[in-house]
Amino acid sequence: MEKVRKKKILASIIISITIVILLFFMIVGCIIGVLHSEYNKFLKQQKDYIDQLESKYNSGEYVKINEQDFCSFDINDAYQYKFNNTRYIGTHNSYKAKATSTGAFMNNIVEMVADEDPHTYDYGFASITDQLNSGIRSLELDGLLHKNGFWETTHHPYIDTATNCADFLLGLKEIALWSQNNPNHMPITILFEIKEWIVPIWGKSPSLNDFIALDESIKNIFGDSLFTPYDMLGDSKDFEEMRNNDSWPTLDKLLGKVMIILHPSSKYNKIYSGQSINESAIFLAVDKNVDFEEYKFNTCFAVANYVTAVQYNEYYEHNYFIRSRCDNFPYHSYDSLESTINSNCNLMSTDFPITNPSTSDDYVVKGFVENYTITIKNNS
């Protein structure tokens, strides 16, 4: 009898555990389904928005910007300044929209488990076009590759799908349209970060062939407004020689141009470096996870989030174009902002741009000098 009773108890436990596991996966599956459905809505919104933009550009009924309004120096003197002596205000996760209720729910669960602030991802930006119209000249777009070759731009595909650029290439088209209709703008940099799938249900990690295909798409989208690694090199044999000789191009050669920079990754730097500099559309960059000695010949961009990073001085000494950050939503301070402004970084990324401040207090990043989002280094 005792053995029979124990078997029944064990069977009950197994059934209970099985039911709990099935319920868990059913709930997770439902949430992922809802998030995927929400993503499709964002994708449709993006397509409709791009159609509206194209119509406005074709009719001439768009906001015409005056680039001089954003520059602390006379644009007519652009020939006097090299690109590495410029400074820009940029946005972090520039595509991000406010989280949906489902995304906020998932964020809260994940961050409670990870013992983090539940509001870490509770921010969103105005459209890419609105950011560009406000003087932002540096953007960050994430990319997740689908098995069919489609590039998705979301923060987390199973957690936070709220986005203004659901289709990465369509997001690039939005930038290209703006650039073509504002041809004298200061050079725009796009930091492209490849995200890994948590569970590759419909996605995959990009290969060299995927990068080659992406290169061709980028070239087709931007055409002559794309500024490539080959263009940057000029007469230099490699980027180390260019940096050592300070042979950076002057701003007058970069007006109306767009550059795309691969966010440093020990994995993707190695894959993408299989591309020839003469052919590639995307620049490589280095950071603390990528040894700059290994890539010193084929890169001129560096990412050092916060000027206190040990690597920051090394990048500065080797004449890299440096991207840094002054805040990280929801955390911000005027001390951090001031130290970043007083540094020699070229690009200061923020989660609190003037177009859409994400806090109820008065913290907002307006510019390096007064409200100018583009300026020149003091030592240039």
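Refer to the structure presented above.
Below you will find a few notes about this structure. What you see as residue numbers is a count from 1 along each chain, following the sequence as written. Residue-level local features of this predicted model are given only where pLDDT is at least 70; pairs of side-chain atoms are given and counted only at 80 or more, and the full residue set underlies all totals for whole chains, interfaces and linings. To obtain the side-chain values, all non-hydrogen atoms of the structure were included, while hydrogens and water were left out.

Some details on empty space enclosed by the protein
- In the cavity and pocket records, a cavity denotes points on a 1 Å grid over the protein atoms alone where a 1.4 Å probe fits but cannot get out, a pocket denotes an open set with protein on both sides within 12 Å along at least 5 of 7 lines, and lining residues are residues with an atom within 4 Å of a point. Grid points are joined across faces, edges and corners, and a volume is the space filled by probe spheres set on the points. Applying the stated criterion across every chain, the model contains 3 cavities of 30 Å³ or more.
- Estimated volume of the largest cavity: approximately 80 Å³.
- Taken together, S138, L139, T189, I190, L191, I261, F301, A302, V303, F321, R323 and L347 form the lining of the largest cavity.
- Listed by contribution, the elements that provide at least two residues to the lining of the largest cavity are β2 (138-145), β4 (188-194), β7 (299-303) and β8 (321-325).
- Amino acid classes used here: Ala, Val, Leu, Ile, Met, Phe, Trp, Tyr, Cys and Pro are nonpolar; Asp, Glu, Lys and Arg are charged; the rest, including Gly, are polar. A class-by-class count of the residues in the lining of the largest cavity yields 9 nonpolar, 2 polar and 1 charged. Helix and strand assignments follow DSSP, with helices taken as H or I runs no shorter than four residues and strands as E runs no shorter than two, numbered in order from the N terminus.

Regarding the packing of aromatic side chains
- Here a pair means two rings of Phe, Tyr or Trp (six-membered ring of Trp) with centres within 6.5 Å. Their orientation is stacked below 30 degrees between planes, edge-to-face above 60, and tilted elsewhere. According to the stated counting rule, one finds 24 aromatic pairs in the structure shown.
- Relative to W202, the ring of W197 has its centre 6.3 Å away and its plane inclined at 80°; by these criteria the two rings are edge-to-face.
- Relative accessible area serves as the criterion here: at 8%, W197 is assigned to the buried category.
- Only protein chains enter the accessibility calculation, which uses a 1.4 Å probe; a residue is then buried when its area is under 20% of its type maximum, exposed when over 50%, and partly exposed in between. On the accessibility criterion, W202 (23% relative accessible area) is partly exposed.
- An aromatic cluster of three or more residues is present, and its members are F83, Y88, F239, W248, F283, F301 and F321.
- Placement of a positive charge over a ring is assigned whenever Lys NZ or Arg CZ falls within 6 Å of the ring centre and within 35 degrees of the normal to the ring plane. The aromatic ring of Y62 is capped on one face by K64, whose charged end is 4.6 Å from the ring centroid.
- The ring of Y320 carries R243 above its face, with NZ or CZ at 4.1 Å from the centroid.

Thoughts on the state of the cysteines
- Two cysteine sulfurs form what is called a disulfide whenever their separation falls within 2.5 Å. In total, this model carries 0 disulfides according to the counting rule given.
- With no disulfide of its own, C326 lies 8.4 Å from the sulfur of C345, the closest cysteine sulfur.

Here we look at the pattern of salt bridges
- Salt bridges are defined as contacts in which a side-chain nitrogen from Lys or Arg sits within 4 Å of a carboxyl oxygen from Asp or Glu. If you walk through the whole model with that rule in mind, you get 14 salt bridges.
- Here D160 and K96 are joined by a salt bridge, their closest N and O atoms 3.0 Å apart. Here K96 lies in the loop between β1 (86-91) and α2 (101-113) and D160 lies in the loop between β3 (151-152) and α4 (168-181), a separation of 64 residues in the sequence. Taken individually, D160 and K96 each receive the classification buried, so the pair is uniform in this respect.

A look at the layout of surface pockets
- Volume-wise, the largest pocket comes out at about 500 Å³.
- Lining the largest pocket are 29 residues, and of these H263, N305, Y306, R323 and R325 sit closest to its centre.
- Put simply, the parts of the chain that give the lining of the largest pocket at least two residues each are β2, α10 (310-317) and β8.

Here we look at the pairing of β2
- Taking burial as the measure, the 8 residues of β2 include 8 buried ones, the bulk of the element.
- Across the two faces of β2 the burial is the same, with S138, E140, D142 and L144 and L139, L141, G143 and L145 all buried.
- A pair of strands is labelled paired if DSSP reports no fewer than 2 bridges between them. Alignment of β2 against β3, held across 2 bridges, turns out to be antiparallel. Within β3, the residue paired with L145 across the bridge is W151.
- Linkage of β2 to β3, two consecutive antiparallel strands, is achieved through a turn of 5 residues, within which G149 is found at a positive phi near 95°.

Digging into the nonpolar core
- Note on terminology: a nonpolar core comprises buried Ala, Val, Leu, Ile, Met, Phe, Trp, Tyr and Cys residues joined through side-chain atoms within 4.5 Å. F83, F222, M232 and F301 are the most contacted members of the largest nonpolar core, which has 89 residues in total.
- The element contributing the most residues to this core is α4, with 7 residues.
- In what follows, residue pairs with any heavy atoms lying within 4.5 Å of each other are defined as contacts. Apart from the residues lying within four places of it in its own chain, the contact partners of F222 are L172, I175, A176, I190, V258 and I260.
- In this structure, Y39, F42, A162 and A166 belong to the second largest nonpolar core, which totals 6 residues.

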